[in-house]
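Each chain, written out:
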Amino acid sequence: MATKTGKTQKIRTLRLQDLTGGINLEASPDFIGDNEAQMILNMEFDPEGAKLRTRRGLGTAIHKFNSPVVHVYSDYELNDYIVFLKDKSIYKYEWGQEPKLIGVRNGENERPCCTKFGGAVLIASGDKLQKYDYNTFSVIEGSPKADIVFTRAGRVVVSKTGSDLLIYSAIGDETSWEINSNDASARKDVNVGYKDGGDILGVGLLASDIIVFKSNGLIYDVQNEPEDWNILQIGDNSDFSAQAAVTNINNDIVYLSSMGLRSVSSSQSYGNFEKGDIGKKINPALRGRQLNPYISTLKRTKQLIVPHNNRTELFVYHYGLKAFTKWKFPQPVVDIVENQWRTIVVTNGNGTNTDTDDASSGYVYEFTYDNHTDMNDKISQSIVSKELRDTHKMNLYRSYLDVEPEANGTGSITVNDVVLTHQWTDAEKQKEFKTQISSPILKMRFDTSDPIIYKYISFDVVMQNEAIVRQNQSGSSGHRSRSGDFLKDIKKKANTPYG
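Computed from a predicted model, the values in this text were never measured in an experiment. (Residues numbered from 1 in each chain as written. Predicted model: local features only at pLDDT ≥ 70, side-chain atom pairs only at ≥ 80, totals over all residues. Heavy atoms only, no water.)

(A) Spotlight on the overall build of the protein chain. Helix and strand counts for the protein chain stand at 1 helix and 44 strands. Counting over 499 residues, the protein chain shows a buried share of 51%. When the accessible surface of the protein chain is split by element, carbon and sulfur atoms take 44% of a total near 23100 Å². (Helix = DSSP H or I, 4+ residues; strand = E, 2+ residues; numbered from the N terminus. Buried < 20%, exposed > 50% of the residue type's maximum accessible area, 1.4 Å probe, protein only. Areas by Shrake-Rupley, 256 points an atom, 1.4 Å probe, with all protein chains shown as cover.)

(B) Fine view of the packing of aromatic side chains. Inspection of every chain in the model, using the stated rule, returns 13 aromatic pairs. Pairing F240 with Y255 gives two aromatic rings, centres 5.9 Å apart and planes at 40°, and the pair type is tilted. Taken together, the residues span a long stretch of sequence, with F240 in the loop between β23 (230-235) and β24 (246-249) and Y255 in strand β25 (residues 252-257) at a distance of 15 residues. The exposure class of F240 is buried, given its relative accessible area of 9%. The lysine or arginine in question, R53, covers the ring of Y369, its NZ or CZ lying 3.9 Å from the ring centre. (Phe/Tyr/Trp six-rings, centres within 6.5 Å; stacked < 30°, edge-to-face > 60°. Lys NZ or Arg CZ within 6 Å of the ring centre and 35° of its normal.)

(C) Structural view of the layout of surface pockets. Estimates place the volume of the second largest pocket at around 240 Å³. I249, N250, N251, D252, S263, S265, E274, G276, I278, Y317, Y319 and K322 are the residues that line the second largest pocket. Contributions of two or more residues to the lining of the second largest pocket are made by β26 (260-267) and β27 (272-276). (1 Å grid on protein atoms, 1.4 Å probe; cavity = no way out; pocket = protein on both sides within 12 Å on 5 of 7 lines; lining within 4 Å. Points joined across faces, edges and corners; volume = space filled by probe spheres on them.)

(D) Up close: the sheet that holds strand β13 (residues 120-124). Read from one edge to the other, the open sheet built from 4 strands follows the order β12-β13-β14-β15, with strand pairing classed as antiparallel. Looking at strand neighbours, the two that pair on one side only are β12 (113-117) and β15 (137-139), the edges of this open sheet. Between one strand axis and the next, the sheet turns by 25° as a mean value, whatever way the strands run. As paired strands, β12 and β13 are joined by 5 bridges and run antiparallel to one another. Across the sheet, the residue bridging to C114 is I123, located in β13. (Pairing = 2+ DSSP bridges. Axes fitted to C-alpha atoms, helices over the stretch in contact; angles between N-to-C directions.)

(E) Spatial organisation of the pattern of salt bridges. This model, assessed by the stated rule, comprises 31 salt bridges. Here R12 ties to D34 by a salt bridge, and the two come within 3.4 Å at their closest N and O atoms. Here R12, found in strand β1 (residues 2-16), pairs with D34, found in the loop between β2 (22-23) and β3 (36-37); they are 22 residues apart in sequence, far enough to count as distant. According to the relative accessible area criterion, R12 is partly exposed, its value standing at 28%. Between D335 and R111 there is a salt bridge whose closest N-O contact spans 2.8 Å. Residue D335 is located in strand β32 (residues 333-338), and its partner R111 is located in the loop between β11 (100-104) and β12; the two are separated by 224 residues in the primary sequence. Connected via shared salt-bridge partners are R12, D34 and K386. (Salt bridge = Lys/Arg side-chain N within 4 Å of Asp/Glu carboxyl O.)

(F) View of the pairing of strand β8 (residues 69-75). Counting buried positions over the 7 residues of β8 gives 7, a clear majority of the element. Where β8 and strand β9 (residues 80-85) come together, 6 bridges link them in antiparallel fashion. Its bridge partner lying in β9, S74 is registered against Y81. Hairpin connection between β8 and β9: a loop of 4 residues separates the two successive antiparallel strands, and N79 in this loop has a positive phi of roughly 60°.

(G) Quick peek at the side chain of D75. The residue D75 is located in strand β8 in this model. With relative accessibility at 0%, the residue D75 sits in the buried group. At 3.0 Å, the side chain of D75 forms a polar contact with the side chain of K116. A polar atom in the side chain of D75 sits 2.5 Å from the side chain of Y134. Those residues in contact with D75, other than ones at most four positions away along the chain, are D80, K116, V121 and Y134. (Polar contact = N/O pair within 3.5 Å; in protein donor to acceptor, adjacent residues only side chain to side chain. Contact = heavy atoms within 4.5 Å.)

(H) Molecular detail of the pairing of strand β21 (residues 209-214). Burial runs high along β21: 6 of the 6 residues are buried. Neither face of β21 is exposed, since D209, I211 and F213 on one face and I210, V212 and K214 on the opposite face are all buried. By the bridge criterion, 5 bridges tie strand β20 (residues 200-205) to β21 in an arrangement that is antiparallel. Counterpart to L205 in the pairing with β21 is I210. The sheet contact formed by β21 and strand β22 (residues 219-223) spans 5 bridges and is antiparallel.

(I) Structural view of the environment of R15. Tracing the chain through its elements places R15 in strand β1. Of the residues examined, R15 reaches a relative accessible area of 39% and is grouped as partly exposed. Along the chain, R15 and Y456 lie 441 residues apart, while their C-alpha atoms are 7.0 Å from each other. Not counting chain neighbours up to four residues away, the residues in contact with R15 comprise Y456, I457 and S458. Separated by 2.9 Å, the side chains of R15 and Q17 make a polar contact.

(J) Highlighting the state of the cysteines. In the structure shown here, the tally under the stated rule is 0 disulfides. C114 supplies the cysteine sulfur nearest to C113, a cysteine that is in no disulfide, at a spacing of 6.6 Å. Judged by relative accessible area, which is 13%, C114 ranks as buried. (Disulfide = S-S within 2.5 Å.)

(K) Structural context of the sheet that holds strand β17 (residues 155-159). Sheet architecture is open: 4 strands sit in the order β16-β17-β18-β19, paired in antiparallel fashion. Both edges of this open sheet fall to β16 (148-152) and β19 (188-191), since each of them pairs with a single strand only. Put simply, the sheet's adjacent strands are angled 25° from each other on average, direction ignored. Sheet analysis places β17 next to strand β18 (residues 165-168), joined by 2 bridges and oriented antiparallel. Residue pairing for β18: V157 is matched across the bridge by Y168.

(L) Local environment of unusual backbone geometry. Between P226 and the following residue, E227, the backbone shows a cis peptide bond with an omega angle of -10°. As for its position among the elements, E227 is in the loop between β22 and β23. With phi around 60°, K322 is a residue other than glycine that occupies positive phi space. When you line up the elements, K322 lands in the loop between β30 (313-318) and β31 (323-328). A positive phi angle, close to 55°, is found at N416, a residue other than glycine.

Below, the structure written as structure tokens:
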């Protein structure tokens with residue numbers, strides 16, 4: 001039989017260089033991949049590669065509104081922003097200029113839905129459509145009441161939460177909503193999921209399909225255009241959250257549900273759609289009811305933004321890498337949007353750099369790498385690695401840190417309760433630490449508040465393994481092997497590893 005006679009040792013090096021797996025909250029900390037982390041806070045991946053660096057900062061506010069902001073729409077064509085305030089006023093904001101009051105929101109939905117059509121911005125907030133053509137602001141009196149608006153094949157399409165209808169305007173005319181059965185170009189209506197017991201909650205758009213989410217959890221695909229519609233049920237149990245919490249990434253519809261971040265993806269294999277949990281690595285943190293949820297995309301940097309924890313924290317899906325990081329801000333983020341040249345962040349607060357529930361003003365910030373602070377506070381970054389666990393004590397005897405700093409700064413590696421500090425300069429960017437940290441559990445993290453490009457951290461750990469000795473019938477010791485490879489000599493017959 002085999003008996004334990006002692007311990008052997010081997011060295012394992014945990015090298016945190018490739019973290020392109022991003023955050024993983026789904027698995028136990030000791031079972032996540034070597035390219036994953038428990039947390040990557042206030043850092044982002046370079047869109048042109050896989051370099052991990054300090055996220056962009058807010059700096060100081062470039063404009064203050066005297067009412068909280070509820071939504072910002074980016075007119076990508078003209079590089080302007082349409083800003084909606086809680087007091088229902090609507091402003092056009094052009095970079096470097098004072099915002100211009102253009103109108104007043106007529107509906108009760110605080111976060112309106114917008115689209116461009118014929119060079120004008122159309123606004124749906126629960127009442128009749130409103131239109132801003134950059135000269136005049138008006139109400140389209142003949143339009144249906146709507147809180148969802150988008151364009152399709154030369155028509156404006158609207159819907160009202162609580163109904164079954166998608167309503168198409170006349171071709172090329174956002175003011176024409178009269179039904180005429182003898183005119184193929186006139187208004188057309190279509191029921192989605194007729195009498196299925198649910199109402200439309202939201203709509204996601206793909207190049208050739210309209211994905212409709214209903215209150216009973218059913219998901220429909222509306223194919224083709226009036227009046228050649230083909231409507232198919234493609235899913236159920238969506239747990240869909242809100243119209244503001246759906247967008248598209250390439251050929252996928254991504255939406256927020258009470259179960260987390262999910263997707264509806266086109267399937268090349270079967271020519272239809274498949275549901276998926278695109279956010280499975282962070283969904284344990286997202287599950288449950290969320291207040292005023294929304295998601296948005298920053299397509300120039302290939303990032304999907306998912307607010308969390310009263311909007312002071314944002315999960316960021318770097319969809320080029322399929323990896324998550326997390327950003328934390330001093331105040332709730334109402335919107336983060338981009339145009340062709342700049343990205344802006346809008347927060348609501350009381351003028352301080354702390355989270356507040358009694359926000360009285362809205363603030364606009366430019367989100368850029370040139371800003372190394374948030375509201376004059378440094379940006380605290382952390383990487384919490386996977387844990388190492390063993391039945392025996394491990395000995396961490398060496399750590400190595402390598403960063404590319406923008407200026408002199410300080411960072412620290414924490415292993416369990418031991419803190420190792422490095423003050424880097426241009427002359428000394430790397431640092432080697434010799435330690436004798438012994439424990440059956442090793443928890444490791446890196447922290448800094450200075451702007452860097454992260455290169456890697458490595459940990460050299462001595463692992464102990466029990467040795468196995470197989471004894472022959474006379475009692476003398478036979479083959480000796482380490483516990484890691486004592487199965488290799490077992491044949492396919494009834495032999496067992498224990499003699």
